[in-house]
Amino acid sequence: MPTADKHHRRRRRRRRRRAATMSKSNWFRLSSFQIFDLMFNQRNIHELTCLFTIVVILTCQCLADDGYEMDDFLKREHSLTKPYQGVGFSSSSHWDLMGNAIITTEHVRLTPDLQSRQGAVWSRVPCYLRDWELQVHFKIHGQGKKNLNGDGMALWYTKERMQTGPVFGNMNLFTGLGVFLDTYPTENNNHEKKYNPSTQRVFPYVSGMVGNGTLAYEHDRDGQSTELGGCTALVRNIPHDTFLLIRYTKNRLTIQIDVDGKQQWRDCLDLPGVRLPQGYFFGASSVTGDLSDNHDLISMKLYQLTVERPQEVEELTVPSVDNFEQLNKVEVQEEGMSGVQLFFTIVFSIIRIVLLGVVVVVMYGRWKENSPKRFY
């Protein structure tokens, strides 16, 4: 009997231990379920879904703008930024200086506020990007009063580089794109201007031009006959930063400015059908004449734009603009005759006239012989 009691006591202890173990397991199961239900009940799942949707939308808006995306990294080989190490001096630099341009810790000064100066900075590396965006930080300032300052500065994407000339310090008859920040109204000071006041523009004025190597920029008319479009931009002696943006994507040229201190881009030019070849050079130039200003280039930052393109892309050799007759028109000039050619032309013309006269006389004589005679 004692053995049986001992056996029953053992069985009761085992039951109590099993019951305690089961209750503890059930408590853990219950606690896990409560925690899971707290975190992932229907209301919280809805809130998490909304939050995820908002994050996705904001991310897409940041990455996409009119069908293009901007890569995060800067194309440093085509960008000019502080501290301008080795620019114009080191063989490892991607940029060259020319003319009166100098480097300071704060900017590249293309021209000082002195008369008859010109300077430029040019990239050494050709750009083979199909779609790109150039953001330019600049400053134009000086001692001259309004309309007593000049002449302005230009930004370039051209086949030629390191050339001097009358177009804001660069050559005329260039091949590629020029964007001009013109601060002096040359045409407004011509006597002929008063007969055509409708073409007056408010300066400073930003404009764009595409050249094919034969199209000339008319300085006396401020480039009006060849410009693709433009806008007024009060960029001189401004207390805040001034910026200009040039975007080229899918054969579309867009120019925007931020000169009002509002950190907002404002449209200046938007033109489709612009065709620019690859392999050209970026640059900036400036010139002063009897009037002057400081023309400072603070930075030029180039970004690659990622856009969807067809597999077959046309290869361009000459810049062009659709439906722009003056740029696409090919003028054929007839060559003048040399002195020898003129002499022989006159001689042969005289011989032909003499031969024609002889033939007429002979034929008239035969006609007289064969005609019937009358007797009276």
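- An unreviewed UniProt entry annotates the protein chain as Lectin, mannose-binding 2-like b originating from Salmo trutta.

1. A word on empty space enclosed by the protein
Next up, step 1: Considering all chains together, one arrives at three cavities of 30 Å³ or more under this definition.
Next up, step 2: Estimated volume of the largest cavity: approximately 40 Å³.
Next up, step 3: Lining the largest cavity are Asp 151, Phe 168, Asp 182, Tyr 184, Thr 186, Tyr 217, His 219 and Asp 222.
Next up, step 4: For the lining of the largest cavity, the class distribution of residues is three nonpolar, two polar and three charged.

2. A word on the state of the cysteines
Next up, step 1: Taken as a whole and assessed by the stated rule, the structure comprises one disulfide.
Next up, step 2: Between the sulfur atoms of Cys 231 and its disulfide partner Cys 268 the distance amounts to 2.1 Å. Sign of the S-S torsion, about -105 degrees for the bond between Cys 231 and Cys 268, identifies this disulfide as left-handed. Of the two residues, Cys 231 is situated in strand β11 (residues 229–232) and Cys 268 in strand β14 (residues 266–272); the sequence distance between them amounts to 37 residues.
Next up, step 3: Of the residues examined, Cys 231 reaches a relative accessible area of 10% and is grouped as buried.
Next up, step 4: Note on Cys 268: relative accessible area 11%, which makes it buried.

3. Section: the pattern of salt bridges
Next up, step 1: One pass over the structure, following the stated rule, counts 12 salt bridges.
Next up, step 2: The salt bridge involving Lys 82 is made with Glu 106; its shortest N-O contact spans 2.9 Å. Linking Lys 82 in the loop between β2 (68–70) and β3 (95–99) with Glu 106 in the loop between β4 (102–103) and β5 (108–111), this pair joins segments that are 24 residues apart in sequence.
Next up, step 3: One salt bridge in this structure joins Asp 296 and Arg 109, with 2.7 Å as the shortest N-O distance. Here Asp 296 is found in strand β17 (residues 294–306), whereas its partner Arg 109 is found in strand β5, with 187 residues between them in sequence. Arg 109 matches Asp 296 in its accessibility class, with the two residues each being buried.
Next up, step 4: Each of Asp 96, Arg 124 and Arg 161 takes part in a single network of salt bridges with overlapping partners.

4. Describing a nonpolar patch on the surface
Next up, step 1: A cluster of nonpolar side chains, Leu 342, Ile 346, Ile 350, Val 354, Val 358 and Val 362, forms an exposed patch at the surface whose accessible area comes to about 500 Å².
Next up, step 2: Tracing the backbone shows Leu 342 in helix α4 (residues 339–370).
Next up, step 3: The class of Leu 342 is partly exposed, set by a relative accessible area of 42%.

5. A look at the side chain of Asn 294
Next up, step 1: Position of Asn 294 relative to the elements: it lies in strand β17.
Next up, step 2: A polar atom in the side chain of Asn 294 sits 2.8 Å from the backbone nitrogen of Asp 113.
Next up, step 3: Those residues within four positions of Asn 294 in sequence are excluded, and the remaining contacts are Arg 109, Thr 111, Pro 112, Asp 113, Lys 139, Ile 140, His 141 and Gly 142.

6. Details of the pairing of strand β16 (residues 281–287)
Next up, step 1: Most of β16 is tucked away, with seven of its seven residues classed as buried.
Next up, step 2: Alternating positions in β16 separate into two faces, Phe 281, Gly 283, Ser 285 and Val 287 on one and Phe 282, Ala 284 and Ser 286 on the other, with burial throughout.
Next up, step 3: Judged from the five bridges that link them, strand β6 (residues 118–123) and β16 form a sheet pairing that is antiparallel. Residue Val 121 lies in a different strand from β16, and its bridge partner there is Ala 284.
Next up, step 4: Two strands pair when backbone bridges link them, and strand β8 (residues 152–158) and β16 are joined in this way by seven bridges, in the antiparallel orientation. Looking across to β16, one finds that Ala 154 is bridged to Ser 285.

What counts, and at which threshold
Residues numbered from 1 in each chain as written. Predicted model: local features only at pLDDT ≥ 70, side-chain atom pairs only at ≥ 80, totals over all residues. Heavy atoms only, no water. 1 Å grid on protein atoms, 1.4 Å probe; cavity = no way out; pocket = protein on both sides within 12 Å on 5 of 7 lines; lining within 4 Å. Points joined across faces, edges and corners; volume = space filled by probe spheres on them. Nonpolar A, V, L, I, M, F, W, Y, C, P; charged D, E, K, R; others polar. Disulfide = S-S within 2.5 Å. Helix = DSSP H or I, 4+ residues; strand = E, 2+ residues; numbered from the N terminus. Buried < 20%, exposed > 50% of the residue type's maximum accessible area, 1.4 Å probe, protein only. Salt bridge = Lys/Arg side-chain N within 4 Å of Asp/Glu carboxyl O. Patch = residues over 30% accessible without salt bridge, like charges linked within 9 Å, V, L, I, M, F, W, Y side chains within 5 Å. Areas by Shrake-Rupley, 256 points an atom, 1.4 Å probe, with all protein chains shown as cover. Polar contact = N/O pair within 3.5 Å; in protein donor to acceptor, adjacent residues only side chain to side chain. Contact = heavy atoms within 4.5 Å. Pairing = 2+ DSSP bridges.

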